[in-house]
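Overview (structure and organization)
Residues per chain are reported as follows:
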Amino acid sequence: MLFTSRGAGRGRLDRPLLTLLLAAGLAVWLLLRPEPLLALPMTWRLPLVLVGAWALGAAFLRPLALEVGQGRLWRLTGAPSSRWALWGVAAVAVCLELWR
């Protein structure tokens, strides 16, 4: 379940293990090096932190939801927007680190 996606025709963004590893790496990296986010003004930082917290939470809960099966948690963590948000927050963090 963690290594493959259920539906046919889904891309790499739907692989739960890949998103879980990305979320863990991003969480550790932002805990160790929060300076790029701290350099942003509050009007940009607050939405980025809120979207990042939602995307990280959904990525960490996705393996649990896959084990439980159908239900509200499964639908919420399986939303494609949460995976795109996770990759977007990771891209913004990398761009901020490179720009700094």
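Procedures and definitions
- Residue numbers run consecutively from 1 along every chain, following the written order of its sequence.
- Reporting in this predicted model follows two pLDDT cut-offs: at least 70 for local features of residues, and 80 or more for side-chain atom pairs to be given and counted; totals over whole chains, interfaces and linings ignore these cut-offs and use all residues.
- Water and hydrogen atoms were dropped before computing side-chain values, which therefore reflect all heavy atoms in the structure.
- Runs of H or I in DSSP of at least four residues are treated as helices and runs of E of at least two as strands, each being numbered from the N terminus.
- Under the scheme applied here, a residue whose accessible area is under 20% of the maximum for its type counts as buried, over 50% as exposed, and between as partly exposed, the area being computed with a 1.4 Å probe on protein chains only.
- We call two residues contacting when some pair of their heavy atoms lies within 4.5 Å.
- Surface exposure here means Shrake-Rupley accessible area, sampled with a 1.4 Å probe, where a residue is shielded only by the protein chains that are shown.
- With axes taken as lines fitted to C-alpha atoms, and helix axes fitted only over the stretch in contact, angles between N-to-C directions fall between 0 and 180 degrees.
- A clockwise turn of the near helix away from the far one marks a right-handed crossing, whereas an anticlockwise turn of less than a right angle marks a left-handed crossing.
- The nonpolar class holds Ala, Val, Leu, Ile, Met, Phe, Trp, Tyr, Cys and Pro. Asp, Glu, Lys and Arg form the charged class, and all remaining residues, Gly among them, are polar.
- Between the first and last residue of a helix there are one fewer steps than residues, each counted as 1.5 Å, and that sum is the expected span.

Looking now at the overall build of the chain. Scanning the chain from N- to C-terminus turns up five helices and zero strands. What you see in the chain, going N to C, is helices and strands ordered as α-α-α-α-α. In the chain, which comprises 100 residues, the proportion classed as buried is 29%. Once local pairs closer than 6 in sequence are excluded, the contacts in the chain between residues at least 24 apart make up 71%. Carbon and sulfur atoms make up 72% of the accessible area of the chain, which amounts to about 6600 Å² in all.

A packed helix pair is summarised by two numbers, namely the angle formed by the two axes and the spacing between the axes. Contact pair helix α1 (residues 16–32) / helix α5 (residues 80–99): the axes reach a minimum separation of 11 Å and the direction vectors enclose 35°. α5 is crossed by α1, and the crossing has left-handed handedness. On α5, the residues touching L18, T19, L22, A23, L26, W29 and L30 of α1 are R83, L86, W87, V89, A90, A93, V94 and E97. Here the contact of α1 with α5 is composed, by residue class, of 12 nonpolar, one polar and two charged.

Time to look at α5. With 20 residues, α5 extends 28 Å between its outermost C-alpha atoms, agreeing within 8% with the 28 Å of an ideal straight helix rising 1.5 Å per residue. If you follow the buried residues of α5, they end up packed against α1, α2 (35–38), α3 (42–68) and α4 (72–77).

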